[in-house]
Amino acid sequence: MERGSTARPVTASMKVQVEIMGFSPVLPCIEPGAKIERAVQIERGAPSHLAWLPDRSLLALINGGRQYSWTANQGISGLSSLSSTGADVTCHAVVGAGELATSTTAGLTCVSVDEGTASPLQYQVGLQPQVIVSLSGRRVITAANSDVHWTVMLWGEDGSSHDLIRFEQPVYGMCISEDESHLFIAARDTVWRATFDTVIGVCGTPQPFCSTAPLASSSLAIDTLSNLYVCTSEGVHVCDDQGDFFLRLRTPAEATSCCFGGSSLSTLFISAADSIWAIKANVQGVAAASEELQQRIDKQVGAGDFRHVGW
């Protein structure tokens, strides 16, 4: 359960509802009549930490400390050999074609969804990351609790690292803008935004961007129009690039995570209680970059330099 929230009964008939919260002069990113389907239901489960692998058309998720994958054709299956180690998985992020940087109680590993194997990463982490965000060049940003404060760190592919930000409040979610110029951080009931220089790897001072008070904010996602999707106990609240909320996706229970996926990255996946919902959107989400996906795009639309892709 989310901090400070109360349980709501969930029945099979309950679905996600789209609620317009403010006027928009353009077509909303998700319409009230949008197609909504329950893609996954895990009996007595609690799926979370959704991550879409565009190179594999596969949704990764965590349930009960174990890592799983889902496809429309094959359904749910175990994702790696990590279950045999007894280590619980806490979070993960896409770092390459068919690869996930995965944080466990035993350390950071790289999970190959093709081979079903897990190998240690070069990152030397003293604290167990609770949140991971991937960047171009196989870099990641992590957030971990040191008991004194939460540290947000940048890790290079070679294992080098340095602190970006320190938070006194718990960090529940992060995401990066399409051009990697802004880092968004969910801490308690506020989402903070910090400028980020992707070349030298330095963050500016975080500034309050939007508030979900009195609800706590957790997992975050962003689309190519800079709309931010914030998970709360009521569902997913959507705000524009100025931090103004204009849409709410009310879920039957606390929304624990969300991400964009599908063949065109225009399906929003939301985990709530024992289910994962798929909602058709009018926008395209920001996905983690990979060399394989970039080569495919270059062949389709011509040469270009895209750190993140939205189609």
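Not measured: the values here are computed from a predicted model.

1. Quick look at the overall build of the protein chain
Helix and strand content of the protein chain: 1 helix and 26 strands. Burial status across the protein chain gives 55% buried among its 311 residues. Considering only intrachain contacts with a sequence separation of at least 6, the fraction spanning at least 24 residues in the protein chain is 47%.

2. Observations regarding the packing of aromatic side chains
Two aromatic rings are characterised by how far apart their centres lie and by the angle between their planes. By the definition in use, this model includes 5 aromatic pairs. When the centroid spacing of 5.3 Å and the interplanar angle of 70 degrees are considered together, the rings of F184 and F209 count as edge-to-face. Remark: F209 occurs in strand β19 (residues 207-211) and F184 occurs in strand β16 (residues 182-187); sequence separation between them is 25 residues. Side by side, F184 and F209 carry an identical accessibility label, which is buried. Summarising the aromatic geometry, the rings of Y229 and F260 are spaced 5.1 Å apart at their centres and angled 85 degrees between planes, so their arrangement reads as edge-to-face. A residue pair is termed long-range when its members are at least 10 positions apart, and Y229 in strand β21 (residues 228-231) and F260 in strand β24 (residues 255-261) qualify at 31 residues. Both residues of the pair, Y229 and F260, count as buried. A network of ring pairs unites the aromatic residues W52, W70 and F269 as a single cluster.

3. Here we look at the sheet that holds strand β22 (residues 235-239)
The antiparallel open sheet is built from 5 strands, whose spatial order is β1-β23-β22-β21-β20. Of all the strands in the sheet, the pair left with one neighbour each is β1 (17-20) and β20 (220-222). Neighbour-to-neighbour, the strand axes of the sheet open up by a mean angle of 20 degrees, direction not taken into account. In this sheet, β21 lies alongside β20 in antiparallel orientation, the contact comprising 3 bridges. Counterpart to I222 in the pairing with β21 is L228.

4. Some details on the nonpolar core
With 22 residues, the main nonpolar core has I30, Y229 and L249 as its most contacted residues. Within the residue set of this core, elements represented by two or more residues are β21, β22, β23 (245-250), β24, β25 (267-272) and β26 (275-280). Contact partners of I30, with chain neighbours within four places excluded, come to V18, Y229, L247, L249, L268, I279, K280, A281 and N282. V133, L154, I165 and F167 belong to the second largest nonpolar core, which has 21 residues in total.

5. Regarding the confidence of the model for the protein chain
Here the protein chain averages 85 in pLDDT, while 84% of its residues score no lower than 70. When the elements of the protein chain are averaged for pLDDT, helix α1 (residues 291-301) gives the smallest value, 52, and β21 the largest, 98. Under a pLDDT of 50 for its full length, residues 1-13 has, in the predicted model, 29 contacts with residues more than four places off or in other chains. In this model residues 303-311 is a low-confidence stretch, pLDDT under 50, and it forms 37 contacts with partners more than four residues away in sequence or in other chains.

6. Here's the deal with the pairing of β21
Neither face of β21 is exposed, since L228 and V230 on one face and Y229 and C231 on the opposite face are all buried. Counting the residues in the hairpin turn of β20 and β21 gives 5 residues, including S226, whose phi is positive at 70 degrees. With 4 bridges connecting them, β21 and β22 associate as antiparallel partners. If you follow L228 over to β22, its bridge partner there is C239. Linking two consecutive strands that pair antiparallel, namely β21 and β22, is a turn of 3 residues.

7. Considerations on the pairing of strand β3 (residues 48-53)
The element β3 is largely enclosed, with a buried count of 5 among its 6 residues. Here β3 runs beside strand β4 (residues 58-63); their pairing, made up of 4 bridges, is antiparallel. The partner of W52 across the bridge, within β4, is L59. Once β3 ends, the chain turns through 4 residues before running back antiparallel as β4, passing S57 with a positive phi of about 50 degrees.

8. Focus on the sheet that holds β24
Sheet strands line up and pair through hydrogen bonds in the backbone, either parallel or antiparallel. One open sheet holds the 4 strands; their spatial order is β2-β26-β25-β24, and the pairing between them is antiparallel. Strands at the two margins of the open sheet, each flanked by one partner only, are β2 (36-41) and β24. Strand after strand, the sheet turns through a mean of 25 degrees between neighbouring axes, direction not considered. Of the pairings in the sheet, the one linking β25 to β26 comprises 6 bridges and is antiparallel in character. The residue bridging S271 from the neighbouring strand is I276, located in β26.

9. Things to note about the side chain of E180
If you trace the backbone, E180 turns up in the loop between β15 (171-176) and β16. Residue E180 is classed as buried on the basis of its relative accessible area of 0%. Within the structure, the side chain of E180 is placed 2.8 Å from the backbone nitrogen of S136, a separation counted as a polar contact. Side chain to side chain, E180 and T198 meet in a polar contact 2.7 Å long.

Here is what the cut-offs are and how they apply
Residues numbered from 1 in each chain as written. Predicted model: local features only at pLDDT ≥ 70, side-chain atom pairs only at ≥ 80, totals over all residues. Heavy atoms only, no water. Helix = DSSP H or I, 4+ residues; strand = E, 2+ residues; numbered from the N terminus. Buried < 20%, exposed > 50% of the residue type's maximum accessible area, 1.4 Å probe, protein only. Contact = heavy atoms within 4.5 Å. Phe/Tyr/Trp six-rings, centres within 6.5 Å; stacked < 30°, edge-to-face > 60°. Pairing = 2+ DSSP bridges. Axes fitted to C-alpha atoms, helices over the stretch in contact; angles between N-to-C directions. Core = buried A, V, L, I, M, F, W, Y, C linked by side-chain atoms within 4.5 Å. pLDDT = per-residue confidence, 0-100. Polar contact = N/O pair within 3.5 Å; in protein donor to acceptor, adjacent residues only side chain to side chain.

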